[in-house]
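Each chain, written out:
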Amino acid sequence: MAAMRVFAARLAGLVVLGPDGESIGRVRDIVISIRYDRQQPRVLGVLVELPTRKRIFVPMLRVQAVDPGALTLTTGTISVRRFEQRPGELLAIAEILDSTVRVADPELPHLAGADVVVVDLGIEQSRTRDWVVSRVAVRERRRLSVGFGRRGAVHVVDWAMVRGLTQTELNMPGQDVTQLLGQFEGMRPADVAHMLRELPLKRRIEVAAAFDDERLADVVQELPENDQVELLEQLGVERAADLLEAMDPDDAADLLGELPAGEAESLLALMDPEDSEPVRRLLEHAPYTAGGLMTPDAVVLTASTTVAEALARIRDPELTPALASMAFVVRPPTATPTGRYLGCVHFQQLLREPPANLVGGIVDTDLVQLRPDAPLTAVTRYFATYNLVCGPVVDAENHLLGAVSVDDVLDHLLPEDWREQDEDTHDVHGLPVIEGTGGRA
């Protein structure tokens, strides 16, 4: 074993390699089992995220070496069944780090009775080859007295000297999420949503509470509807209304459509009218129709807009690639529902035109529009027929109501649990799958 003692937080994100150096995935957490007799907890294994984003369990006995940049396994033959946390198991990074504990170490009398925060866990291999949690790194709470820095000192103490790390105590609300937020830094919302779903409900709620409204809205929009509803109900009505305001109107409408009518109306009443009005309009349409799928936040221009101005609108980083593929030309007003719909301008056409030209001269008036009551099957055929990723929704009076994008269509075509479905169980490199428990109780 290249490293006999390591710290858990430093393992997070390490590349996991097979014995031949092939990359298998990355370490996301450490699975441990806390004993009730204050003995050192047993380290069962590592939680590894595969390139497919599925998380699997790899027992510690299959870890050959822990190096600064990688964790190497003894074999490339591993079980790729999705990890499911069992009773008595804890995730070191997700559930234990950032916990508030007390230290009863005679060598640190100034910490007696004081709350300190767990910042890391030291794990090591015993003579029997089992891995255990032997040390706990704790940080003193920030003090305002002269002579203390902004962050308290860190001390590494024996596991037996720490109080407050039983499963009952770890389930108490109010745990900090600094370490978890650090893992999410720079990640796409869809990937954060995937990781959030892997957390216990308590930690999921604590992380959600720590996100600002915009970040949380981006993440919630990537969750399955049942997880969205569960999280919304845990946030409290004021924060839930703030979250709905930050969400895209079509996603907010979809989420409110999953709630009882009374609850949905209460949340709409708490929202700013400027944000709630487009959501209310969307809720008037049946869910599996063009009107129910559309967003009112399309790129809408007038005929007098220059090509340069149109391209500047399309470069908006808040737009999805699908919505940025097409702009819609209308008579004023340009807010949906707009004035008379004139036609559309394709992004590629804009790229071919001189910047000073007006979009009114290149409007595509032949593309068929979607009616708001068009069913999902008709919308799907529409995209396939015209090779589009975005299309206009226009009412009988020729007002543009919004646009449907292909990502919304796919969300409704796929099974409700498509985010939860695994690929067929197979070995990472085509080798036989290990069927046993991998050393887990």
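These numbers were taken from a predicted model, which means no experiment stands behind them.

1. A closer look at the overall build of the protein
Scanning the protein for helices and strands turns up 17 helices and 18 strands. For the protein, the C-alpha atoms occupy an extent of roughly 80 × 55 × 45 Å along the three principal directions. Looking at the protein as a whole, 48% of its 441 residues are labelled buried. Taking all contacts inside the protein whose residues are at least 6 apart in sequence as the whole, residues at least 24 apart take part in 61%.

2. Focus on the sheet that holds strand S16 (residues 341-346)
Ordered in space as S14-S15-S16, the three strands form an open sheet in which the pairing is mixed. Looking at the sheet topology across the chains shown, the edges are occupied by strand S14 (300-301) and S16. Looking at chain direction, S14 and strand S15 (residues 326-330) are connected through two bridges and run parallel. Each residue of the ladder has a partner; that of Val-300, found in S15, is Phe-328.

3. Re helix H7 (residues 213-220)
Listing the buried residues of H7 in full gives Leu-216, Ala-217, Val-219 and Val-220. Each buried residue of H7 lies within a common arc of 165° when the element is viewed along its axis, so the set occupies one face. At its buried positions, H7 is contacted by helix H5 (189-197), helix H6 (201-210), helix H8 (225-235) and helix H9 (237-246). Where H7 begins, the side chain of Asp-212 points an oxygen toward the backbone nitrogen of Glu-214, at a separation of 3.1 Å.

4. Looking at a nonpolar patch on the surface
A contiguous nonpolar surface patch, about 250 Å² in accessible area, is contributed by Leu-410, Leu-413 and Leu-414. Positionally, Leu-410 belongs in helix H17 (residues 406-413). Residue class for Leu-410 comes out partly exposed when judged on its relative accessible area of 43%.

5. Details of the confidence of the model for the protein
Residues at a pLDDT of 70 or more form 90% of the protein, whose mean pLDDT is 88. A low-confidence stretch, residues 144-149 stays under pLDDT 50, and its non-local contacts, those more than four residues away or across chains, total three contacts. Across residues 423-439, where pLDDT falls below 50, the model places 40 contacts with residues more than four positions away in sequence or in other chains.

6. Concerning a negative patch on the surface
Taken together, Asp-212, Glu-214, Asp-218, Glu-222, Glu-225, Asp-248, Glu-258, Asp-297, Asp-316, Glu-318, Asp-407 and Asp-411 make up a surface patch of like negative charges. Among the elements of the structure, H7 and H17 are those that each provide at least two residues to the negative patch. Counting through the fold element by element, Asp-248 comes out in the loop between H9 and helix H10 (249-256).

7. Focus on unusual backbone geometry
Between Pro-332 and Pro-333 the backbone carries a cis peptide bond, its omega angle lying at 5°. Following Thr-336, the chain continues to Pro-337 via a peptide bond in cis, the omega torsion being -5°. Considering the arrangement of structural elements, one finds Pro-337 in the loop between S15 and S16. The phi torsion at Arg-53 lies on the positive side, around 80°, for a residue other than glycine. Relative to the helices and strands, Arg-53 is located in the loop between strand S4 (42-49) and strand S5 (55-59). The partly exposed category is assigned to Arg-53, whose relative accessible area is 31%. Its identity as a non-glycine residue notwithstanding, Asn-387 has a phi of 55°, on the positive side.

8. Details of the packing of helix H16 (residues 376-386) against H17
As a packed pair, H16 and H17 sit with axes 11 Å apart at the nearest point and diverge in direction by 135°. What the angle tells us is that H16 and H17 run oblique. For the pair H16 and H17, the sense of crossing is left-handed. Counted together, Leu-376, Val-379, Thr-380 and Phe-383 of H16 and Val-406, Val-409, His-412 and Leu-413 of H17 form the full contact between these two elements.

9. Thoughts on the environment of Leu-11
Among the structural elements, Leu-11 can be located in helix H1 (residues 8-11). Taking the relative accessible area as the measure of exposure, Leu-11 reaches 3% and is therefore buried. With 57 residues separating them along the chain, Leu-11 and Pro-68 place their C-alpha atoms 8.6 Å apart. Residues in contact with Leu-11, not counting those within four places in the same chain, are Val-6, Val-27, Ile-30, Val-66 and Ile-123.

Basis of the calculations
Residues numbered from 1 in each chain as written. Predicted model: local features only at pLDDT ≥ 70, side-chain atom pairs only at ≥ 80, totals over all residues. Heavy atoms only, no water. Helix = DSSP H or I, 4+ residues; strand = E, 2+ residues; numbered from the N terminus. Buried < 20%, exposed > 50% of the residue type's maximum accessible area, 1.4 Å probe, protein only. Contact = heavy atoms within 4.5 Å. Pairing = 2+ DSSP bridges. Arc of directions from axis to C-beta. Polar contact = N/O pair within 3.5 Å; in protein donor to acceptor, adjacent residues only side chain to side chain. Patch = residues over 30% accessible without salt bridge, like charges linked within 9 Å, V, L, I, M, F, W, Y side chains within 5 Å. Areas by Shrake-Rupley, 256 points an atom, 1.4 Å probe, with all protein chains shown as cover. Salt bridge = Lys/Arg side-chain N within 4 Å of Asp/Glu carboxyl O. pLDDT = per-residue confidence, 0-100. Lys, Arg positive; Asp, Glu negative; His and termini not counted. Charge placed at Lys NZ, Arg CZ, Asp CG, Glu CD. Axes fitted to C-alpha atoms, helices over the stretch in contact; angles between N-to-C directions. Parallel < 35°, antiparallel > 145°, perpendicular 65-115°, else oblique. Left-handed = near helix turned anticlockwise from the far one by under 90°.

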